[in-house]
2 protein chains.
Amino acid sequence: MNQHPSDQASSLDAAAAELGPGGDLAPEADQDGYRRRMARRKEVQQQRVGERNLEKGLVLVFTGDGKGKTTAALGLALRTLGHGDQVAVVQFIKGGWQPGEAKALELFGEALHWHALGEGFTWETQDRDRDRQLVQQAWEQSLAYLADASRKLVVLDEVNVALKLGYLGIEEVLAGLDLRPELTHVALTGRGAPPQLLERADLVTEMKLVRHPFREQGVKAQRGIEF
Amino acid sequence: MNQHPSDQASSLDAAAAELGPGGDLAPEADQDGYRRRMARRKEVQQQRVGERNLEKGLVLVFTGDGKGKTTAALGLALRTLGHGDQVAVVQFIKGGWQPGEAKALELFGEALHWHALGEGFTWETQDRDRDRQLVQQAWEQSLAYLADASRKLVVLDEVNVALKLGYLGIEEVLAGLDLRPELTHVALTGRGAPPQLLERADLVTEMKLVRHPFREQGVKAQRGIEF
């Protein structure tokens, strides 16, 4: 039977979900029954992997008001560097201070290119024209990285905020994404990603703030956690 | 007037929200009016920072079915290493393969300790007793790291899944968190974090899967993105 690939993938997903992840969530108390279930799950798992064999450069968006958007993109940078591939990071907002990650990433030398806005933003400059000019420079740098096949991953950190403040147009960004060689991944972070970007993305994760009592406890921004 | 610290912090947050982030979101068309608004915002911002001066080791939970939980924790590890502090990572699930991050993090030498389960899980072992034993070993290693003041950050990767599968008890984990020296941060990742852990956490982010079309497109797990 010739199922449509996505139908086939969906039915494998459903089979995997029905078999479950194992452990105490599996209904069998006996080892034999458990082993049979898990052997079947392993088989389904292998088919799932076989079913998905397309390689393409992905557009990944990390948005929402929770913590972990920039750090998730940094984790991807680390993975990519670990595989010996090259990465570029353009920081659209936080360039005014020296973050821990910048120091750590120096270890990777030329494999990582890092472009940070040279100064603060909005309430630091108090000058929209100056902000717009800095964002434009960062965007031009981004375009150069996006078009460069030697960079396997391009991180546009806090670019969503630049979009939201009106310092960059969504059409410009979408056109920039189209410049990428086929296998280049790009991660765009920041609150308030516009709908057109969500629509264009291959993966969108919303970091949702569920609980943040330490703000109310008067805890300061701490080294290693927030910078 | 002696406001309760959290009231004071809340009213500063409200003032910051009212002034807005600037850019085209500010109502003033003229540069003078804009500068006044942003100067006021800068002042509020400085007060907000001054208001929060407590330092403490935080319990951070990254949960939900979206991407970015492990990568966010890795980003924190990178930041911490960048500041010259030491980190320990215990992987409760993915130890069966060699991920990109492990190779990258080798660069940090002894500043990073990494403990990964030596083999796969559930459908790989097909043996609950074996799984339970491996998780128990990983947990004992975790306890040693949690009690060690020289480790500024301990990442318990996918520990939520071990809890969910019944391989580890929530009481054990909560007791382990209490072993920490005052300034040790701990990040716990994985889907399905139990309510008692959320209650205990200083920060909970739910990674919410908003859009994931590339699964339906038959795209495989790719180097640098998923491993």
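Worth saying up front: this structure is predicted, and the values here are computed from it rather than measured.

(A) The arrangement of the packing of helix H3 (residues 69-82) of chain A against helix H3 (residues 69-82) of chain B in detail. At their nearest, the axes of H3(A) and H3(B) sit 6 Å apart, and the two run at 80° to each other. Classified by the angle between their axes, H3(A) and H3(B) sit roughly perpendicular to one another. Taking contact as the criterion, the partners of Thr70(A), Thr71(A), Ala72(A), Leu74(A), Gly75(A), Leu76(A), Leu78(A) and Arg79(A) in H3(A) are, on H3(B), Thr70(B), Thr71(B), Ala72(B), Leu74(B), Gly75(B), Leu76(B), Leu78(B) and Arg79(B). A class-by-class count of the residues in the contact of H3(A) with H3(B) yields 8 nonpolar, 6 polar and 2 charged.

(B) Layout of the pairing of strand S5 (residues 185-189) of chain A. All names here are of chain A. Of all the 5 residues making up S5, 5 are buried; the element is thus mostly covered by neighbouring parts of the structure. Side chains of S5 alternate between two faces, with His185, Ala187 and Thr189 and Val186 and Leu188 buried alike. Note: strand S4 (residues 151-157) against S5, 4 bridges, orientation parallel. Residue pairing in the sheet places Leu156 in a bridge with Leu188 of S5.

(C) Spatial organisation of the relation of the copies chain A and chain B. Of the two same-sequence chains, chain A is brought onto chain B (RMSD 0.0 Å, axial shift 0.0 Å) by a rotation of 180°. On the angle and the small slide along the axis, the relation comes out as a two-fold axis. Residues of chain A ranked by C-alpha distance from the rotation axis are headed by Ala72(A), positioned 1.9 Å from it. Looking at chain A, 100% of its interface residues are interface residues in chain B too, so the copies touch through the same face.

(D) Structural detail: the nonpolar core. Leu60(A) and Leu60(B) are the most contacted members of the largest nonpolar core, which totals 47 residues. If sequence neighbours within four positions are ignored, Leu60(A) has contacts with Leu76(A), Val186(A), Ala187(A), Leu188(A), Leu203(A) and Ile225(B). Membership of the second largest hydrophobic core comes to 36 residues, among which are Leu117(A), Ala162(A), Leu163(A) and Val173(A).

(E) Representation of the sheet that holds strand S6 (residues 203-211) of chain B. Judged by pairing direction, the sheet is mixed, and its 12 strands sit side by side in the order S3(A)-S2(A)-S4(A)-S5(A)-S1(A)-S6(A)-S6(B)-S1(B)-S5(B)-S4(B)-S2(B)-S3(B) without closing on themselves. Since the sheet does not close on itself, it has two edges, and those belong to strand S3 (112-116) of chain A together with strand S3 (112-116) of chain B, each with one partner. Strand-to-strand twist in this sheet, taken as the mean axis angle between neighbours without regard to direction, amounts to 15°.

(F) Main features of the interface of chain A and chain B. Taken together, the contact pairs 93 residues of chain A with 93 residues of chain B. With both sides pooled, the region where chain A packs onto chain B buries about 8500 Å², and carbon together with sulfur makes up 56% of that total. When the buried surface of chain A facing chain B is broken down by residue, Arg79(A), Trp123(A) and Arg128(A) rank first, second and third, together holding 10% of it. For Lys42(A), the salt bridge identified is with Glu124(B), shortest N-O distance 3.3 Å. Between the two partners, chain A and chain B, sit 30 residue pairs in polar contact (both at pLDDT 80 or more). Across the side of chain A that touches chain B, the residue classes tally to 34 nonpolar, 25 polar and 34 charged. When strand S6 (residues 203-211) of chain A meets S6(B), the two strands line up antiparallel, connected through 7 bridges. Residue pairing across strands places Met207(A) opposite Met207(B), the latter belonging to S6(B).

Calculation rules
Residues numbered from 1 in each chain as written. Chains lettered and ligands numbered in written order. Predicted model: local features only at pLDDT ≥ 70, side-chain atom pairs only at ≥ 80, totals over all residues. Heavy atoms only, no water. Axes fitted to C-alpha atoms, helices over the stretch in contact; angles between N-to-C directions. Helix = DSSP H or I, 4+ residues; strand = E, 2+ residues; numbered from the N terminus. Parallel < 35°, antiparallel > 145°, perpendicular 65-115°, else oblique. Contact = heavy atoms within 4.5 Å. Nonpolar A, V, L, I, M, F, W, Y, C, P; charged D, E, K, R; others polar. Buried < 20%, exposed > 50% of the residue type's maximum accessible area, 1.4 Å probe, protein only. Pairing = 2+ DSSP bridges. Least-squares fit on C-alpha atoms with pLDDT ≥ 70 in both. Core = buried A, V, L, I, M, F, W, Y, C linked by side-chain atoms within 4.5 Å. Buried area = accessible area lost by both parts, 1.4 Å probe. Salt bridge = Lys/Arg side-chain N within 4 Å of Asp/Glu carboxyl O. Polar contact = N/O pair within 3.5 Å; in protein donor to acceptor, adjacent residues only side chain to side chain.

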